[in-house]
Amino acid sequence: KAGVTQTPRYLIKTRGQQVTLSCSPISGHRSVSWYQQTPGQGLQFLFEYFSETQRNKGNFPGRFSGRQFSNSRSEMNVSTLELGDSALYLCASSFTGGFDEQYFGPGTRLTVT
Amino acid sequence: AQSVTQLGSHVSVSEGALVLLRCNYSSSVPPYLFWYVQYPNQGLQLLLKYTSAATLVKGINGFEAEFKKSETSFHLTKPSAHMSDAAEYFCAVTHADSNYQLIWGAGTKLIIKP
């Protein structure tokens, strides 16, 4: 079966702009989590959606938001981009979340100039 | 609060040698523990997970890890390293009290010398 897909794979934006990243989970998975990965901070949890509801949230400013659609696809939005938002954004899906195995997509590499 | 410490940001071993990647956690309640691997320019893949069943957990690609409560450790081992094992390895912990939010270690880059 198809894995987790993320689009776009690479993105270059300018400070102050906004960006939307997309994640399509594995068919049947209802939980989608987002992570930010940077060399300095490592992997940090952004939020988790389950059945269109945000179930869990990490310690990121309100500029970072997300949503999940009825088909479990998820989008993540970052407004008013800052240089420090440059990172690899990873999406992971699982059947129900919790301690289920998470399946990761290849990530979206965002560069803010 | 939970935390995960991975000792050594880089570990170098010769091909065929034992691989040992260290992970220590702190958790006030029984944890669930995971090891993930990340190959260059790819997402993460689950190697193995501990969910309070057997303390010795076998994973994919010949890796295994042992949960030692007394040492709060969950070290990853493989008897014989292969060139294809070169990657970054992440240990993560979660439990019900944190609503199953995964807390990640900083990662260890495994380098295999020919």
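Calculation criteria
Residues numbered from 1 in each chain as written. Chains lettered and ligands numbered in written order. Predicted model: local features only at pLDDT ≥ 70, side-chain atom pairs only at ≥ 80, totals over all residues. Heavy atoms only, no water. Phe/Tyr/Trp six-rings, centres within 6.5 Å; stacked < 30°, edge-to-face > 60°. Helix = DSSP H or I, 4+ residues; strand = E, 2+ residues; numbered from the N terminus. Buried < 20%, exposed > 50% of the residue type's maximum accessible area, 1.4 Å probe, protein only. Contact = heavy atoms within 4.5 Å. Buried area = accessible area lost by both parts, 1.4 Å probe. Polar contact = N/O pair within 3.5 Å; in protein donor to acceptor, adjacent residues only side chain to side chain. Pairing = 2+ DSSP bridges. Axes fitted to C-alpha atoms, helices over the stretch in contact; angles between N-to-C directions.

Asks: What is the right way to look at the packing of aromatic side chains in this model?
Replies: To describe a pair of aromatic rings, you give the distance between the ring centres and the angle between the ring planes. Evaluation of the coordinates by the stated rule reveals 14 aromatic pairs over all chains. Seen from their ring centres, Tyr35(A) and Trp104(B) are 5.7 Å apart, and the 90° between their planes marks the pair as edge-to-face. One end of the pair, Tyr35(A), is in strand β4 (residues 31-38); the other, Trp104(B), is in strand β10 (residues 103-104), on a second chain. The interplanar angle of 65° and the centroid separation of 5.2 Å between the aromatic rings of Phe60(A) and Phe64(A) together place this pair among those described as edge-to-face. Both residues of the pair, Phe60(A) and Phe64(A), belong to the buried class. Ring pairs connect the aromatic residues Tyr35(A), Phe45(A), Phe104(A), Phe34(B), Tyr36(B), Phe90(B) and Trp104(B), which therefore count as one cluster.

Asks: How do you make sense of the interface of chain A and chain B when you look at a structure like this?
Replies: You'll often see interface size given as the accessible area lost when the parts meet. Taken together, the contact pairs 18 residues of chain A with 18 residues of chain B. Of the roughly 1,600 Å² buried at the junction of chain A and chain B (both faces included), carbon and sulfur atoms supply 55%. Considering only the side of chain A, the residues that lose the most area to chain B are Leu43(A), Phe99(A) and Phe104(A), jointly responsible for 38% of the buried surface there. At the junction of chain A and chain B, the tally comes to 2 residue pairs in polar contact (both at pLDDT 80 or more).

Asks: Explain the sheet that holds strand β8 (residues 73-78) of chain B to me, please; I cannot follow it from the model alone.
Replies: Strand pairing in a sheet takes place through backbone hydrogen bonds and is either antiparallel or parallel in direction. All names here are of chain B. Pairing is antiparallel across the open sheet formed by 5 strands, whose spatial order is β1-β3-β8-β7-β6. Two strands lie at the open edges of the sheet, namely β1 (3-7) and β6 (56-58), each paired on one side alone. If you compare each strand with its neighbour and ignore which way they point, the axes differ by 20° on average. With 5 bridges connecting them, strand β7 (residues 64-68) and β8 associate as antiparallel partners. Bridging from a neighbouring strand, Glu-64 pairs with Thr-77 of β8.

The quantities given are spatial measurements derived from coordinates; they are silent on function.
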